[in-house]
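Descriptive analysis of the structure
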Amino acid sequence: AESQHWENERLEAYQREAMESFVKDAIADVPFYRDREEYREWGHGCGIGELPVLPKQTVRENRLALVHPRLNRMKHVMMHTSGTSGQALVFPISASCFQREYAFREIHYSWGDVSLRGKEKFAFCAGHPVVAPGRDKPPFWVYDAVNRHLFFSSYHLTETNLPHYVRELESFAPVMLGGYPSSVYLLALACRKHGKGTLAPRSVYTFSETLLGFQRAVIEEVFDCNVFNWYGSTEMCANIVECEAGELHLKLEHSFVEVLNGDDAPCKPGEVGRLVCTGFGNPAFPLIRYDIGDSVKLSLDQTSRCGRGGILVDEVLGRVEDYIATPDGRIVGRLDHIFKDSVHVDEAQIVQDNVDEVVLRIVRGAGYSDTDEKQVLDEARVRLGHVVRIKLEYVDRIPRSANGKFRFVESSLDRHEMLIGLGD
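The following refers to the structure shown. Counting starts from 1 at the beginning of each chain's written sequence and moves along it residue by residue. In keeping with the model being predicted, local features are shown solely for residues with a pLDDT of at least 70 and side-chain atom pairs are shown and tallied solely at 80 or more, while totals for entire chains, interfaces and linings include all residues. Each side-chain value is derived from all of the structure's non-hydrogen atoms; neither hydrogens nor water enter the calculation.

Let's talk about the environment of serine 115
Using the following cut-off: Helix numbers and strand numbers start at the N terminus; a helix is a DSSP run of H or I with at least 4 residues, a strand a run of E with at least 2. Note on contacts: a residue pair qualifies if any of its non-hydrogen atoms lie within 4.5 Å across the two residues. Nitrogen and oxygen atoms within 3.5 Å of one another constitute a polar contact, given that in protein one can donate a hydrogen and the other can accept it, and given that sequence-neighbouring residues count only through two side-chain atoms.
Inspection of the secondary structure assignment puts serine 115 in the loop between helix H6 (95–111) and strand E3 (122–125). As for serine 115 and glycine 365, which are separated by 250 residues in sequence, their C-alpha atoms are 36 Å apart. Discounting chain neighbours no more than four positions away, the residues touching serine 115 are Glu106, Glu120 and Phe122. At 3.2 Å, the side chain of serine 115 forms a polar contact with the backbone nitrogen of arginine 117. Polar side-chain contacts of serine 115 include one of 3.2 Å to the backbone nitrogen of glycine 118.

In structure tokens form, the structure reads like this:
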């Protein structure tokens, strides 16, 4: 825990040593690296930038060759990515890496004045399959008595069911509420509408989806506490965490993460780039310069207000799938602002299946009127211009993926190169 207060120079020295040892061992032992000349020629003291970037597709195609040959001697668990692209990845995580990840999580929780080790009451709503999908009456949750955690289903968040969620939350009285931003946002709306105002968590933690501005505002207003956003990956090769000062810290002691532009050159402060990760905590399935598919904008001012180390990030921009393409060649992100002032919109999603048209899928709240519709269309037009057709589609609920996640932008377009130039 003391490493969070190290100066960046000390953090970078630790990071460099851990990365070099990890890469050296992987090249010596793991077939994928051992059998390729570009890796065999790499030596101690060489820059990691001399090694090739590892695309996700290459990892999928060579999964078995990336597994450590002595895996059966390691305690490990099997993990899988959510596969939002339709291609999930199954791979091993060493037990030590798994435990290490929870140590980093405990440090982050301490920033919000809560503790995993203290067995405090935590409530989560994040895709846990806790009840049958067809269930139509409570409970929509399950209690973990050992850890004092309450797990809510994110699959049953309907207008009819939400009052039951609110009553259970108020009865449980957690000190921390965590989950997908979309799920916690719906709980906040429900608590504002149906609650007694007795919930008083010390902090809220969000993860796995892009936290949108209007979601944060409602969550912080209803629960009267800070939202701490957390970015990680199933591959456990990056860690970006928000502190109480609202700064996002890319943790140098967690992994070796490069932020690269479209030419694979390091980004400067103030620029946008994609994350290329060497997660030196997992020897069971070593990933070297792995292009994880997410992007960030580096803070122009790298002076931390909270005094902790790490690289400061303005925002995690999310995956390429979070952006809309237009016929005139623009890449438009952060479209949550379309709904920022729409208090009568309970949920919204943007759907794009061709470059000429965008569908705004909306769950109307009480009081939604023609005025709200006009406001939404006007805000969309300001951001998307007049080269795209904008249609409204009213639905009772925004569908979730198989793992309960909600994606703000759903698109079938191929946008592999979309993130280049996003920092403008």
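Focus: the layout of surface pockets
Which entries qualify depends on this criterion: Of the grid points, spaced at 1 Å and generated over the protein atoms alone, those admitting a 1.4 Å probe that cannot get out make up cavities, while open sets with protein on both sides within 12 Å along at least five of seven lines make up pockets; any residue with an atom within 4 Å of a point is treated as lining. Grid points are joined across faces, edges and corners, and a volume is the space filled by probe spheres set on the points.
Approximately 560 Å³ is the volume found for the second largest pocket. Along the walls of the second largest pocket sit 21 residues, with Glu159, Lys193, Asp346, Arg364 and Gly365 positioned nearest its centre. Elements with a minimum of two residues in the lining of the second largest pocket: helix H8 (181–194), strand E17 (345–354) and strand E18 (357–364). A per-element tally of the lining of the second largest pocket places H8 first, with 6 residues.

A word on the side chain of serine 3
Secondary-structure assignment places serine 3 in the segment before helix H1 (8–29). A polar contact is formed between the side chain of serine 3 and the side chain of glutamate 253, at a distance of 3.0 Å. With sequence-adjacent residues up to four places away left out, serine 3 is seen in contact with Leu11 and Glu253.

Some points on the packing of helix H7 (residues 162–172) against H8
Cut-off, in case you're wondering: Every angle, taken between N-to-C directions, lies between 0 and 180 degrees, and every axis is a line fitted to C-alpha atoms, over only the stretch in contact when it is a helix. Oblique is the label for every angle not falling under 35 degrees (roughly parallel), over 145 degrees (roughly antiparallel), or within 65 to 115 degrees (roughly perpendicular). Under this grouping Gly is polar, as are all residues other than the nonpolar Ala, Val, Leu, Ile, Met, Phe, Trp, Tyr, Cys and Pro and the charged Asp, Glu, Lys and Arg.
Here H7 crosses H8 at 85°, and the two axes come no closer than 9 Å. Taken together, the axes of H7 and H8 are roughly perpendicular relative to one another. Residues Leu162, Pro163, Tyr165, Val166 and Leu169 of H7 lie in contact with H8, whose contacting residues are Leu186, Leu187, Ala190, Cys191 and His194. Per-class residue counts for the contact of H7 with H8 are 9 nonpolar, 1 polar and no charged.

Overview of the packing of H8 against helix H9 (residues 213–223)
We apply this condition: By definition, any crossing whose near helix is turned counterclockwise from its far helix by less than a right angle is left-handed, and any crossing with a clockwise turn is right-handed.
Closest axis-to-axis distance for the H8/H9 pair is 9 Å, and the angle between their directions is 45°. As far as their axial angle goes, H9 and H8 are oblique. Relative to H9, the crossing made by H8 is left-handed. Residue-level contacts link Pro181, Ser182, Val184, Tyr185, Leu187, Ala188, Leu189, Cys191 and Arg192 of H8 to Phe214, Gln215, Val218, Ile219, Glu221, Val222 and Phe223 of H9.

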